[in-house]
There are 2 protein chains.
Amino acid sequence: MITLKHVAELAGVSTSTVSRVVSGKDVVSKSVKDKVEKAIKKTGYIPNVNARALANKNSTSIGLVTPDLSLAFFGTLAAGVIDAADDLGVTVDICNSRGKDQNNLNAVKTLIKRGFNNILLDESHCAESKILELCAEVPGLVLMNRFIPQIAERCVCVDNVTGGNMAASYLLDNLHNNIAFITSNSEIADPFDRIHGAKIAMAKRGIDTNNCLVAQAAPTIDGGKQAVLELLNKSDEFTAILAYNDNMAVGAMNELQDRGVRIPDEISVIGFDDLAISTVCRPALTTMHYPIREMADYAVKLSLDLTSSKKTLGTSHKFIPKLIERSSVSKI
Amino acid sequence: MITLKHVAELAGVSTSTVSRVVSGKDVVSKSVKDKVEKAIKKTGYIPNVNARALANKNSTSIGLVTPDLSLAFFGTLAAGVIDAADDLGVTVDICNSRGKDQNNLNAVKTLIKRGFNNILLDESHCAESKILELCAEVPGLVLMNRFIPQIAERCVCVDNVTGGNMAASYLLDNLHNNIAFITSNSEIADPFDRIHGAKIAMAKRGIDTNNCLVAQAAPTIDGGKQAVLELLNKSDEFTAILAYNDNMAVGAMNELQDRGVRIPDEISVIGFDDLAISTVCRPALTTMHYPIREMADYAVKLSLDLTSSKKTLGTSHKFIPKLIERSSVSKI
DNA sequence: TTTATTTCTGCAAGCGCTTGCAGAAATGAT
DNA sequence: ATCATTTCTGCAAGCGCTTGCAGAAATAAA
């Protein structure tokens, strides 16, 4: 293994000088710099990341803590994070919390102890106070897919209210005034925000939003099936379903189709996320595109920015989802 | 940050002693060990990976190099690897090669330079010689989902021939003697092996396998659509399709259904992988379960085993897929 | 009890890189 | 030519952990 020392000897300078040339953090005279660079090229020297991390008291990796990579949503998120990090020459360590609530926080603590300064956390369930604590401890902690006002500039999330609004507006524009909601029973803000946004759109068109049909269930395919059943028991008047996410939407469609309901002729369905599943199901699902890739990219940059001396990323913002028209909503 | 030194002071011993109880590599008297362990617990000490890697000249993480995490197959694989590693107290660094061929190898090289001794590589396209080179260089390199005879004991893969055989046998058992194949156009062994296995089953029952209907395309949903179209152009006699994987199977089913073909009444379809999509599509897909989780688990242990002094994992073997009956094959 | 063994613990150097500090060299001002 | 500045380079300590070596303590043998 070629070290600084080898390069230094070849160039006839001290290791400090070589270090300075390599890191570029300090001024080195042109002539010496040239000598050193020549020696580096000749030896094929590559800095040892571990030694560097040790001396710098920080890691060159960023940590990603996510509930379950085997779910398409998080897999895509992880892929985005890795790619973005890769472009910046940093690697990413991923922790899977296997869905167990407490694990996410534990994973973060472990990363902290391992010297990670940059952590991307996707955690929707735990108390805000816990997250605020972590944020205070880790300057490079970025929260994904959740918004906490006190740390707005460190949250990378989607504008759920606007997303819900856009989805409902699309339904309304296509004359589906009787919208039923299938939503997640997770105790997080997202489902409420989306419905809230939808109701704003409805109210704007003079539709009463006080007696909306709403069914809650797990945010999964099965949950979608259950929820739609609940809906069916309550009423048979709705002509459109606004689902919390693609999985629930597909579950609902499957269940309806199994019962002979034609989609979108009799009932239209709109999802949220735009995962692969939405192109696979029949009819292909019209849904709100969740800009996961862009968000992953931003999150990586944000975290790195937070721990660098010169901040470049300024204002906080929420990402706006985008409507993807496919075939699950009947059009006028 | 809590270091060995803190623990040592609290326990009233030297850092060497603490190091020894932590690593377990040397004998420490019971009484001292207890003291130290108490101190460790009290302080919540966690070894600094960078320092450790530096001193040991190796890393405590294992690296996973995989084509694209946003694909369900690899996401599941990654989740399995992370969980298995987690159980053993090691973390995993993931590199995404974004499908670009050469990237996989580059990712491996980067990991090597960073001092990784344990690398899990999923690379189906590059030349065998390149992989053999890497294997020679990195003792803890394990190859996933690909078999190379010279390094059989370092390959973790599925028995594709048997898998293909089982799938075809199931079709045959249900009186589908006219089987058409939809296969991947990737230049890897898997598609051939699966068809080969299928033909063995057919031959065993006296069916001529020389004029089998085969259509190749990308191993994706779209590829499945294209392939089934090609099949339809060539013949209308087949009553069953054996697809290379679930994605192709679903693509084929969708396309057939769009053309009014009833599945499984008119044509039966069987897939391979058992990804989430196979339960989502309609009819739910009968498929060969790919034991990704078990394989991920084994791969992690194998890699660690390869770099440890005391080998425990002996014989090499291939994992056998398992038939999952759902509703896409009509039964007798 | 003394001596030979065995077992345990601490010392100190080293893994490769970074950086505050201070001395050397170069530049400018007088 | 002399002294004050500024610029550059090297020294050496330190990041946290490991480990060969040797001395101390405990055990066994005589």
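For every chain, the first residue of the written sequence is number 1, and numbering continues from 1 onward in sequence order. Chains carry letters from A onward and ligands carry numbers from 1 onward, assigned in written order. Local features in this predicted model are restricted to residues whose pLDDT is 70 or higher, and side-chain atom pairs enter the listing and the counts only when it is 80 or higher, whereas totals over whole chains, interfaces and linings include all residues. Excluded from the side-chain calculations are hydrogens and water; all other atoms, namely the structure's heavy atoms, are used.

Draft legend 1. The arrangement of the protein's contact with DNA strand D in detail. When we say a residue is near a molecule or strand, we mean one of its heavy atoms is within 4 Å of it. The environment of DNA strand D is made up of 25 residues, and the closest members are Thr17, Ser29 and Val32 of chain A together with Leu4 and Tyr45 of chain B. Near the protein, within 4 Å, the atoms of DNA strand D are sugar or phosphate in 67% of cases. Whenever two N or O atoms come within 3.5 Å, that pair is a polar contact, provided that in protein one can donate a hydrogen and the other can accept it, and provided that, for residues adjacent in sequence, both atoms are side-chain atoms. The contact in question runs from a base oxygen of DNA strand D to an N or O atom on the side chain of arginine 20 of chain B, over 2.8 Å. One nitrogen or oxygen atom from the side chain of asparagine 56 of chain B is found 3.4 Å from a sugar or linking oxygen belonging to DNA strand D. Here a strand is any run of E in DSSP of at least two residues, a helix any run of H or I of at least four, and the numbering for each starts at the N terminus. Looking at the surface near DNA strand D, the elements that each hand over two or more residues are helix H2 (15–23) and helix H4 (49–56) of chain A together with helix H2 (15–23) and helix H4 (49–56) of chain B. Of all the elements, H4 of chain B adds the most residues to the surface near DNA strand D, at 4 residues. Classification convention: Asp, Glu, Lys, Arg as charged; Ala, Val, Leu, Ile, Met, Phe, Trp, Tyr, Cys, Pro as nonpolar; all other residues, Gly among them, as polar. Tallied by class, residues from the surface near DNA strand D come to 11 nonpolar, 9 polar and 5 charged.

Draft legend 2. Looking closely at the protein's contact with DNA strand C. The environment of DNA strand C is formed by 25 residues, the closest being Leu4 and Tyr45 of chain A together with Thr17, Ser29 and Val32 of chain B. Sugar and phosphate atoms represent 69% of those atoms of DNA strand C found within 4 Å of the protein. The side chain of threonine 17 of chain B places a nitrogen or oxygen atom 2.4 Å from a phosphate oxygen of DNA strand C. Of all the secondary-structure elements, those providing two or more residues to the surface near DNA strand C are H2 and H4 of chain A together with H2 and H4 of chain B. Top element by residues in the surface near DNA strand C is H4 of chain A. It accounts for 4 residues. Of the residues assigned to the surface near DNA strand C, the class counts are 11 nonpolar, 9 polar and 5 charged.

Draft legend 3. Local environment of the relation of the copies chain A and chain B. It takes a turn of 180 degrees to lay chain A on chain B, together with a shift of 0.6 Å along the axis; the resulting RMSD is 1.1 Å. Each copy turns onto its partner about a two-fold axis. Closest to the rotation axis within chain A is the C-alpha of aspartate 93 of chain A, separated from it by 2.1 Å. Most of the interface of chain A is mirrored in chain B: 90% of its interface residues are interface residues there too. Copies overlap after least-squares fitting; the atoms used are the C-alpha atoms of residues with pLDDT of at least 70 in both. Any two residues whose heavy atoms approach within 4.5 Å at even a single point are treated as in contact.

Draft legend 4. How the structure looks around the interface of chain A and chain B. The partner chain B presents 38 residues to the 40 residues of chain A that form the contact. Across the chain A/chain B interface, buried area totals approximately 3500 Å², and carbon plus sulfur atoms make up 52% of it. The term salt bridge refers to a side-chain nitrogen of Lys or Arg lying within 4 Å of a carboxyl oxygen of Asp or Glu. Applying the counting rule to chain A against chain B returns 2 salt bridges. Remark: the boundary between chain A and chain B carries 5 residue pairs in polar contact (both at pLDDT 80 or more). Per element, the largest residue contribution to the side of chain A that touches chain B is 8 residues, and it comes from helix H5 (residues 72–87) of chain A. Strand pairing requires that DSSP identify at least two bridges connecting the strands. Pairing analysis gives 2 bridges linking strand S2 (residues 91–96) of chain A to strand S2 (residues 92–96) of chain B, with the strands arranged antiparallel. Residue pairing in the sheet places valine 92 of chain A in a bridge with isoleucine 94 of chain B of S2 of chain B. In this description, buried area is defined as the sum, over both parts, of the accessible area (probe of 1.4 Å) that is lost when the two are combined.

Draft legend 5. Broad picture of the sheet that holds strand S7 (residues 213–217) of chain A. Residues and elements named next belong to chain A. A sheet is described by the order of its strands in space; here 6 strands give the open sequence S7-S6-S8-S9-S10-S11, paired in mixed fashion. Only two strands of the sheet have a single partner each, and these edge strands are S7 and strand S11 (322–324). Strand after strand, the sheet turns through a mean of 20 degrees between neighbouring axes, direction not considered. Bridge count for strand S9 (residues 268–273) against strand S10 (residues 286–289) is 4 bridges, and the pairing is parallel. Axis angles are defined between N-to-C directions and span 0 to 180 degrees, where every axis is a line fitted to C-alpha atoms and, for a helix, only to the segment in contact.

Draft legend 6. Up close: the sheet that holds strand S1 (residues 62–66) of chain B. Spatially, 10 strands are ordered S5(A)-S4(A)-S3(A)-S1(A)-S2(A)-S2(B)-S1(B)-S3(B)-S4(B)-S5(B) in an open sheet, and the strand pairing comes out mixed. What marks the edges here is a single partner per strand, and that holds for strand S5 (155–156) of chain A together with strand S5 (155–156) of chain B. Pairing analysis gives 3 bridges linking strand S1 (residues 61–66) of chain A to strand S3 (residues 118–121) of chain A, with the strands arranged parallel. The residue bridging glycine 63 of chain A from the neighbouring strand is isoleucine 119 of chain A, located in S3 of chain A.

Draft legend 7. Spatial organisation of helix H13 (residues 292–307) of chain A. Residue and element names in this part refer to chain A. Every helix has an expected span of 1.5 Å times one less than the residues it contains. The terminal C-alpha atoms of H13 lie 23 Å apart, and with 16 residues this matches the ideal 22 Å at 1.5 Å per residue to within 8%. Throughout, exposure labels follow a simple rule: accessible area from a 1.4 Å probe, protein chains only, divided by the maximum for the residue type, with under 20% read as buried, over 50% as exposed, and the rest as partly exposed. Three or more residues of H13 are buried, namely Ile292, Met295, Ala296, Tyr298, Ala299, Val300, Leu302, Ser303, Asp305 and Leu306. Buried-residue contacts for H13 involve S1, H5, S3, strand S4 (140–144) and S5.

Draft legend 8. Geometry of the pairing of S2 of chain B. All names here are of chain B. By the criterion of burial, S2 is predominantly enclosed, with 5 of the 5 residues buried. Residues Val92, Ile94 and Asn96 point to one face of S2 and Asp93 and Cys95 to the other, with burial holding for every one of them. As judged from the 5 bridges shared by S1 and S2, these two strands associate in the parallel manner. Paired with glycine 63 across the bridge in S2 is aspartate 93. On the question of chirality, the crossover connecting S1 to the parallel S2 by way of helix H5 (residues 72–87) is right-handed. The path from the first strand over the helix to the second decides the hand: if it runs clockwise while the strands point away from the viewer, the crossover is right-handed.

Draft legend 9. Broad picture of the packing of aromatic side chains. All names here are of chain A. By convention, a stacked pair of Phe, Tyr or Trp rings (six-membered ring in the case of Trp) has centres within 6.5 Å and planes under 30 degrees apart, an edge-to-face pair has planes over 60 apart, and any other such pair is tilted. Evaluated as defined, the whole model comprises 8 aromatic pairs over all chains. Between phenylalanine 272 and tyrosine 290, the ring centres sit 6.4 Å apart and the planes meet at 75 degrees, which makes this aromatic pair edge-to-face. Within this pair, whereas phenylalanine 272 is found in strand S9, its partner tyrosine 290 is found in the loop between S10 and H13, the two being separated by 18 residues in sequence. Phenylalanine 272 gets classed as buried once you look at its relative accessible area, which sits at 1%. Judged by relative accessible area, tyrosine 290 falls into the buried class, the value being 4%.

Draft legend 10. Broad picture of the packing of helix H8 (residues 160–173) of chain A against helix H9 (residues 189–204) of chain A. Residue and element names in this part refer to chain A. Following both chains from N to C, one finds H8 and H9 inclined at 45 degrees, their axes separated by 6 Å at the closest point. Between H8 and H9, the interaxial angle falls into the category oblique. By crossing handedness, the relation of H8 to H9 is classed as right-handed. Packed against H8, whose contacting residues are Asn160, Val161, Gly164, Asn165, Ala168, Ser169 and Leu172, the element H9 presents Asp190, Asp193, Arg194, His196, Gly197, Ala198, Ile200, Ala201 and Met202 at the interface. Of the residues in the contact of H8 with H9, the class split is 7 nonpolar, 6 polar and 3 charged. Oblique is the label for any angle not covered by the other classes, which are roughly parallel (under 35 degrees), roughly antiparallel (over 145) and roughly perpendicular (65 to 115). Crossings are assigned a handedness: left-handed for a near helix turned anticlockwise from the far helix by less than a right angle, right-handed for a clockwise turn.

Draft legend 11. Examining H8 of chain A more closely. Residues and elements named next belong to chain A. End to end, H8 covers 19 Å across 14 residues, agreeing with the expected 20 Å (1.5 Å per residue, within 8%). For H8, every residue scored as buried is listed here: Asn160, Gly163, Gly164, Ala167, Ala168, Ser169, Tyr170, Leu171 and Leu172. The inward-facing, buried residues of H8 contact strand S6 (179–184), H9, strand S8 (240–243), S9, S10 and S11. For H8, the side-chain oxygen to backbone nitrogen distance between the N-cap and valine 161 is 3.2 Å, and the N-cap itself is aspartate 159. Remark: leucine 175 follows H8 within two positions and exhibits a positive phi of approximately 70 degrees.

Draft legend 12. Quick peek at the state of the cysteines. All names here are of chain A. When two cysteine sulfur atoms lie within 2.5 Å, the pair is treated as a disulfide. Here the structure, examined in full by the defined rule, presents 0 disulfides over all chains. Free cysteine: cysteine 155, not disulfide-bonded; nearest cysteine sulfur from cysteine 157 at 5.7 Å. On the basis of relative accessibility, which here comes to 3%, the residue cysteine 155 falls in the buried class. Given a relative accessible area of 3%, cysteine 157 falls into the buried group.

These figures come from the coordinates and say nothing about function on their own.
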